[in-house]
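Residues per chain are reported as follows:
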Amino acid sequence: MQIATIDFEASGTDGYPIEVGIAIYDSQRAFLSIWSTLIKPTVGWLRTMNWDPVAAQIHGITRAEISTATSAFDVARQLNELLAPIGVAYCDGWNLDTQWLNLLMVECPEHSAFHLNDAGALARALAFPPSALFEHDQDPPLEHRAASDAERLLRRALRFAGQDEPAACCGS
């Protein structure tokens, strides 16, 4: 069984994606694979969408960092390669994450080889109450970086499902 979670950081709620991270749990290998990349905005995104300084303070990613990042086209292709075998990636911000994934996939000639589903569906797939994912516990606050936030969601879900704590591994 493989389970994937995904998270995006963006230039703002009405903005464009600037980072994506995924965490993949493989029960056969009993560890997590973590992958993330910054996303270079397209010219069209820069012309039509905003950079929110409040969002920048939260995630700490600068315009200079993303100016030399991986192209949206290449990021979309990488996501397809990594997530096609699983078919679904779960997220805790489905409305915004879907918006940002769609912006990425428009830049790629391939159709998305996977779809997003929400954290409630992740809980149901692992047979525990969805509300458990959002109750207060001892986890540290969100870092607001895509890879660590995707990993946190997946680790919480596995813990609530009674899975042993998987070891983290380098990128997929």
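Structure: above.
Everything quoted here is computed from the prediction, not taken from an experiment.

> I would appreciate a short explanation of the overall build of the protein in the present structure.
If you tally the helices and strands in the protein, you get seven helices and seven strands. Shown N-terminal to C-terminal, the secondary structure of the protein runs as helices and strands in the order β-β-β-α-α-α-β-α-β-α-β-α-α-β. In terms of C-alpha radius of gyration, the protein reaches 16 Å, essentially the compact-globule figure of 16 Å for 172 residues. Expressed along its principal axes, the backbone C-alpha trace of the protein runs to roughly 45 × 35 × 25 Å. A buried classification covers 49% of the 172 residues belonging to the protein. Sequence separation of 24 or more characterises 70% of the internal contacts of the protein that already satisfy a separation of 6 or more.

> I would appreciate a short explanation of the nonpolar core in the present structure.
Inside soluble globular proteins, nonpolar side chains tend to come together where they are buried. Among the nonpolar cores identified, the biggest contains 35 residues, and I6, V20, W45, L79, L83 and L104 are the most heavily contacted of them. Elements that contribute at least two residues to this core include exactly β1 (2-10), β2 (17-26), β3 (31-40), α4 (72-83), β5 (88-91) and α5 (94-106).

> It is not clear to me how the environment of A76 should be interpreted in this structure. Could you clarify?
Within the secondary structure, A76 sits in helix α4. Given a relative accessible area of 0%, A76 falls into the buried group. Sequence separation of A76 and F134 is 58 residues, and the distance between their C-alpha atoms is 29 Å. In contact with A76, other than residues within four places in its own chain, are L104, M105 and C108.

> Any chance you could explain the packing of α4 against α5 here in plain terms?
For any two helices packed against each other, one specifies the inter-axial angle together with the distance between the axes. Orientation of α4 relative to α5, taken along the N-to-C sense of each, is 110°, at an axis distance of 8 Å. Regarding the angle of α4 to α5, the classification is roughly perpendicular. Residue-level contacts link A72, V75, A76, L79 and N80 of α4 to L101, L104 and M105 of α5. Here the residues of the contact of α4 with α5 sort into seven nonpolar, one polar and no charged.

> Can you walk me through the pattern of salt bridges in this structure?
Opposite charge on two side chains permits pairing when their charged atoms draw close. For the structure shown, the criterion picks out four salt bridges. Note that D26 and R29 form a salt bridge whose closest N and O atoms lie 3.2 Å from each other. Exposure remark for R29: the relative accessible area of 45% places this residue in the partly exposed category. Across the pair E151 and R155 runs a salt bridge whose closest N-O atoms are separated by 2.8 Å. In this pair, E151 and R155 both sit in helix α7 (residues 146-160), four residues apart, roughly one turn of the helix.

> For this particular structure, what's the right way to read the layout of surface pockets?
Unfilled space is identified by rolling a water-sized probe across the atoms. Approximately 410 Å³ is the volume found for the largest pocket. What lines the largest pocket is a set of 22 residues, among which F8, E9, L96, W100 and H144 lie closest to the centre. At the level of secondary structure, the elements contributing two or more residues to the lining of the largest pocket comprise β1, α2 (53-59), α5 and α7. Ranked by residue count, the leading element in the lining of the largest pocket is β1, at five residues. Residue composition of the lining of the largest pocket, by class: 11 nonpolar, five polar and six charged.

> Mind showing me how you'd approach the pairing of β2 here?
The two faces of the sheet receive side chains in turn, since in a regular strand these alternate between them. Burial within β2 is extensive, with 10 of its 10 residues counted as buried. With nine bridges joining them, β1 and β2 adopt antiparallel strand pairing. Within β2, the residue paired with I6 across the bridge is I22. Counting the residues between successive antiparallel strands, the hairpin from β1 to β2 contains six residues. Relative to β3, β2 runs antiparallel, the two being bridged by eight bridges.

> Teacher, can you tell me more about α5 here?
Every α-helix winds through 3.6 residues per turn, so residues three or four apart in the chain are directed the same way. Under the 1.5 Å per step criterion, the end-to-end length of α5 is 18 Å for 13 residues, consistent within 8% with the ideal 18 Å. Taken as a whole, α5 has its buried residues at D97, T98, W100, L101, L103, L104 and M105.

So, how was this worked out
Residues numbered from 1 in each chain as written. Predicted model: local features only at pLDDT ≥ 70, side-chain atom pairs only at ≥ 80, totals over all residues. Heavy atoms only, no water. Helix = DSSP H or I, 4+ residues; strand = E, 2+ residues; numbered from the N terminus. Rg over C-alpha atoms; globule rule 2.2 N^0.38 Å. Buried < 20%, exposed > 50% of the residue type's maximum accessible area, 1.4 Å probe, protein only. Contact = heavy atoms within 4.5 Å. Core = buried A, V, L, I, M, F, W, Y, C linked by side-chain atoms within 4.5 Å. Axes fitted to C-alpha atoms, helices over the stretch in contact; angles between N-to-C directions. Parallel < 35°, antiparallel > 145°, perpendicular 65-115°, else oblique. Nonpolar A, V, L, I, M, F, W, Y, C, P; charged D, E, K, R; others polar. Salt bridge = Lys/Arg side-chain N within 4 Å of Asp/Glu carboxyl O. 1 Å grid on protein atoms, 1.4 Å probe; cavity = no way out; pocket = protein on both sides within 12 Å on 5 of 7 lines; lining within 4 Å. Points joined across faces, edges and corners; volume = space filled by probe spheres on them. Pairing = 2+ DSSP bridges. Expected span 1.5 Å × (residues − 1).

Read these as layout, nothing more, since geometry by itself doesn't imply function.
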